[in-house]
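# Descriptive structure summary
Each chain, written out:
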Amino acid sequence: MALTVFKKPEAMSKNITHYCPGCTHGVIHRLVAEALDELGLRERTVGIAPVGCAVLAYNYFTVDFQEAAHGRAPAMATGLKRTRPDLIVFTYQGDGDLASIGTAEIIHAANRGEKITVIFVNNAIYGMTGGQLAPTTMPGQVTTTSPQGRNVAEMGYPLRVADMLATLRTPAYIARTAVHTPQMVVQAKQCIKRAFDYQARGVCFSLVEVLSTCPTNWGIAPVESTAWLEQNMAPYFPIREYKRPEEA
Amino acid sequence: MGERLLMKGNEAIGEAAILAGCRAYFCYPITPQTEVAEYLARRMPEVGGVFLQGESEVAVGYMLFGAAAGGSKVFTTSSSPGVSLLAEAMSYLAAAELPVVIGNVMRNGPGLGGILPAQADYFQATKGGGHGDYRCLVLAPASVQEAVDMMLLAFAKAEEYRVPVLLLADGMIGQMMEPVEFPVFAEPPSRYTSGHEEWATTGARGRGQHLVKTLFLNPDAAWAHNLKLKAKYDRIEANEVRYEAVDTQGEMDVLIVSFGTMARVCRTAMETLQDKGLKVGMIRPISLYPFPAQAIREAASRSRLVVSVELSMGQMVEDVDRAVQGKAPVRWYGKAGGLVPVPDDVSAAILGMVEG
Ligand SMILES: Cc1ncc(C[n+]2csc(CCOP(=O)(O)OP(=O)(O)O)c2C)c(N)n1
Ligand code: SF4
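Remember, it's a predicted structure, so these values are computed and weren't measured experimentally. (Residues numbered from 1 in each chain as written. Chains lettered and ligands numbered in written order. Predicted model: local features only at pLDDT ≥ 70, side-chain atom pairs only at ≥ 80, totals over all residues. Heavy atoms only, no water.)

Residue and element names in this part refer to chain B. As far as domains go, chain B holds domain 1 (4-239) and domain 2 (243-355). Averaged C-alpha coordinates put domain 1 and domain 2 at centres separated by 28 Å. Across the contact, 32 residues belong to domain 1 and 23 residues belong to domain 2. For the pair domain 1 and domain 2, the summed buried surface comes to about 2300 Å²; carbon and sulfur atoms form 56% of the total. At the junction of domain 1 with domain 2, the criterion picks out 3 salt bridges. Across the pair Asp319 and Lys127 runs a salt bridge, and its minimum N-O distance is 2.6 Å. There are 16 residue pairs in polar contact (both at pLDDT 80 or more) connecting domain 1 and domain 2. Of all the secondary structure elements, the ones that give two or more residues to the side of domain 1 that touches domain 2 are α5 (122-127), β6 (137-139), α6 (144-161), β7 (164-170), α7 (171-175) and α8 (219-239). Tallying contributions element by element places α5 first for the side of domain 1 that touches domain 2, with 4 residues. For the side of domain 1 that touches domain 2, the residue count by class is 21 nonpolar, 4 polar and 7 charged. (Domains from an automatic or database assignment. Contact = heavy atoms within 4.5 Å. Buried area = accessible area lost by both parts, 1.4 Å probe. Salt bridge = Lys/Arg side-chain N within 4 Å of Asp/Glu carboxyl O. Polar contact = N/O pair within 3.5 Å; in protein donor to acceptor, adjacent residues only side chain to side chain. Helix = DSSP H or I, 4+ residues; strand = E, 2+ residues; numbered from the N terminus. Nonpolar A, V, L, I, M, F, W, Y, C, P; charged D, E, K, R; others polar.)

Here's what the structure looks like:
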């Protein structure tokens, strides 16, 4: 008798992703889909796609989707969830989308305690537009708009979104995780599943920041990218759960 | 019709949204429309609806998007500077073919301007505001009663065409109190947009994915989408022109074109001019987009002069000029900065044009 050990989650479509080789957006998509399957939420979930490399995220899921303007996904999620409280609503956003142009939207959605889940993909760069400086770009990191490397005297230090949102009293679940090693993938899955589970149980706002790679715009090979993330991003962006509703 | 009430325009607009079935209102405070928000902050919870003050009009625009794409009837109101911030979302709402109603209780600009009535957002309302080829149906009330009736029409048309509808009122309409009657419906309208089951994002239970989006990377697909929108705007132009014609029969000395509060002032000015023996008629556009160009052209062909009277430095006059197509000289009269001409200002100005 054949035993299925690996299959496509039902919440995932059959389409082949457009992401670059070694990009971890696809891994994060899969973790979201697995979480939705395992929690039995697929049929009442609506995703909000960002503007960024994940703008076409809806091609890879079998759940309903809305496509946002740059940075506005949390406002759209707010409008949807408030008027359709029975839905499970999540946004999937990059660091330019969420941490730059969409800072007002994310802070206020978190602070109002919108009962949504935010998957925040931090790859320290603008991927889609070809590698410009992001608020999360590392000190000294070369991008097309910081050709001498991020100069903190002029551009400030990278924005720690999870830390910042964890200072707010309202949000229920704030965590930072990563997907650059198999162990981290397992941990990331746990965080993402928790975040959706809290939403399904009607517990306030949840956000999971996921450290992610962008080999194309970092200008290094996929394997080296995981090492670069480990050595540069992980020490600055602590991988931990910041806030859990049980602790509130 | 129900009982006759004395109500402030802004509050009547809020009540009319509820009457239309709308149970979701998102807003950001700005004078002179804040009473709509304050009214609905009380009323929405009473009728089991959603009231939410957003962090900015930018965010409010996308709260409308999220709710409308979920199939709900949704409404916001703002005033000029706030509508500039809503403009980004209006382009996306139009592109995604979402039915929403947006009220602009106009104040004077540009910039922060002031909080007094104006009609200087005419270009923004009728020509875009946001980017790309899109249109909003634009309705301009001249009384509190008309604002109420138009709100019901706005929700109906937003749903019928799946377009954003703009109620373009000026601060005077929002702030003044007038008697108003609300129609009574045997069956209260639904809080959801009819037919939303076909496209809204309500969860893919037992069906394929529903997707509400505006990105078309393939130029052929983008072209097809633009053509689809254009066909809809053509239908709107063919079917949704609304205007009021006053004394426009026969030969005229002057044809006035004016809308909203300014048109009411013009009504009184017309009497003064008529008393002086002038034949004066007026066309009051009720829909600013689509613009009643044909009616204006036809009436202009029987008039010696056409005057566009506006609370702006001359915006609608460009559409009037285009409508008239040289059949009569076209002039502008108006005031901006929050000043509203009194009837004698208008009649004197027009008399000057006729004699000059
Ligand atoms: C209003 C607006 N400004 C700018 C852009 C251009 N733009 C598209 S994606 C993007 C940045 C995306 O970067 P990020 O959010 O980090 O996502 P990633 O592509 O790295 O996944 C920008 C600036 C836009 N689409 N809209
Ligand atoms: S550009 Fe970067 S973020 Fe975008 S798909 Fe390629 S690797 Fe991924």
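We are not done yet, so read on.
Time to look at the pattern of salt bridges. For the coordinates displayed, the defined rule picks out 37 salt bridges over all chains. Taking the shortest distance from any N to any O, the salt bridge between Glu105 of chain A and Arg72 of chain A comes out at 3.3 Å. Note that Glu105 of chain A is positioned in helix α4 (residues 103-112) and Arg72 of chain A in the loop between β2 (64-67) and α2 (73-83), a separation of 33 residues in sequence. Judged by relative accessible area, Arg72 of chain A falls into the buried class, the value being 9%. Ionic pairing is found between Lys8 of chain B and Glu35 of chain B, a salt bridge with its closest N-O pair at 3.1 Å. Placement of Lys8 of chain B in strand β1 (residues 4-8) and of Glu35 of chain B in helix α2 (residues 34-46) is noted, with a sequence separation of 27 residues between them. Ionic contacts of the salt-bridge type, sharing partners, join the residues Arg30, Glu34, Glu38, Lys189 and Lys193 of chain A into one network. (Buried < 20%, exposed > 50% of the residue type's maximum accessible area, 1.4 Å probe, protein only.)

Okay, unusual backbone geometry next. Residue and element names in this part refer to chain B. The step from Gly109 to Pro110 runs through a cis peptide bond, and the omega angle for that step is 0 degrees. Mapped onto the elements, Pro110 comes out in the loop between β5 (100-106) and α5. In this structure, the amide linkage connecting Tyr289 to the following residue, Pro290, adopts the cis form with an omega of 0 degrees. Locating Pro290 in the fold gives a position in the loop between β13 (287-289) and α10 (293-300). Positive phi is not limited to glycine here, since Asp247 has a value of about 55 degrees.

Turning next to a nonpolar patch on the surface. Taken together, the side chains of Leu3, Val5 and Phe6 of chain A make up a nonpolar region of the molecular surface, amounting to roughly 420 Å² of accessible area. Its place among the elements puts Leu3 of chain A in the segment before α1 (25-38). (Patch = residues over 30% accessible without salt bridge, like charges linked within 9 Å, V, L, I, M, F, W, Y side chains within 5 Å. Areas by Shrake-Rupley, 256 points an atom, 1.4 Å probe, with all protein chains shown as cover.)

Taken residue by residue, the interface counts 32 residues in chain A and 37 residues in chain B. Both sides together, the interface formed by chain A and chain B hides about 2700 Å², and carbon and sulfur atoms give 56% of it. The largest per-residue losses of area from chain A upon contact with chain B belong to Asp64, Glu67 and Arg84 of chain A, which jointly make up 22% of the total buried on that side. In this structure, the connection of chain A to chain B is made through 4 salt bridges. With a closest N to O distance of 2.8 Å, Arg112 of chain A and Glu55 of chain B form a salt bridge. Counting across the interface, chain A meets chain B through 19 residue pairs in polar contact (both at pLDDT 80 or more). Contributions of two or more residues to the side of chain A that touches chain B are made by β1 (45-49), β2, α2 and α4 of chain A. With 7 residues, the single largest contributor to the side of chain A that touches chain B is α2 of chain A.

All names here are of chain B. Spatially, β10-β12-β11-β14-β15 is the arrangement adopted by the 5 strands of the open sheet, whose pairing is mixed. In this open sheet, the two strands that pair with only one neighbour each are β10 (243-246) and β15 (330-334). Adjacent strand axes in the sheet meet at a mean angle of 20 degrees, parallel and antiparallel pairs treated alike. With 4 bridges joining them, β10 and strand β12 (residues 280-285) adopt antiparallel strand pairing. (Pairing = 2+ DSSP bridges. Axes fitted to C-alpha atoms, helices over the stretch in contact; angles between N-to-C directions.)

On to the packing of aromatic side chains. All names here are of chain A. In total, this model carries 15 aromatic pairs over all chains according to the counting rule given. Ring geometry for Trp218 versus Trp228: centroids 4.6 Å apart, planes at 50 degrees, classification tilted. Of this pair, Trp218 sits in helix α8 (residues 215-218) while Trp228 sits in helix α9 (residues 222-236), placing them 10 residues apart in sequence. Overall, the relative accessible area of 13% leaves Trp218 in the buried class. An aromatic cluster of at least three residues, connected via ring pairs, comprises Tyr58, Phe61, Phe65, Phe90 and Phe196. Sitting above the plane of the Tyr242 ring, Arg240 keeps its charged end 4.2 Å from the centroid. (Phe/Tyr/Trp six-rings, centres within 6.5 Å; stacked < 30°, edge-to-face > 60°. Lys NZ or Arg CZ within 6 Å of the ring centre and 35° of its normal.)

The next subject is the packing of α1 of chain A against helix α7 (residues 182-200) of chain A. Residue and element names in this part refer to chain A. Where α1 meets α7, the closest approach of the two axes is 9 Å, and the angle between their N-to-C directions is 50 degrees. Considered as vectors, α1 and α7 are oriented oblique to each other. Seen from above, α1 lies across α7 with right-handed handedness. Only Val185, Ala188, Lys189, Ile192, Lys193 and Phe196 of α7 make contact with α1, whose side of the interface consists of Val27, Leu31, Val32, Glu34, Ala35, Leu36 and Glu38. Taken together, the residues of the contact of α1 with α7 sort by class into 9 nonpolar, no polar and 4 charged. (Parallel < 35°, antiparallel > 145°, perpendicular 65-115°, else oblique. Left-handed = near helix turned anticlockwise from the far one by under 90°.)

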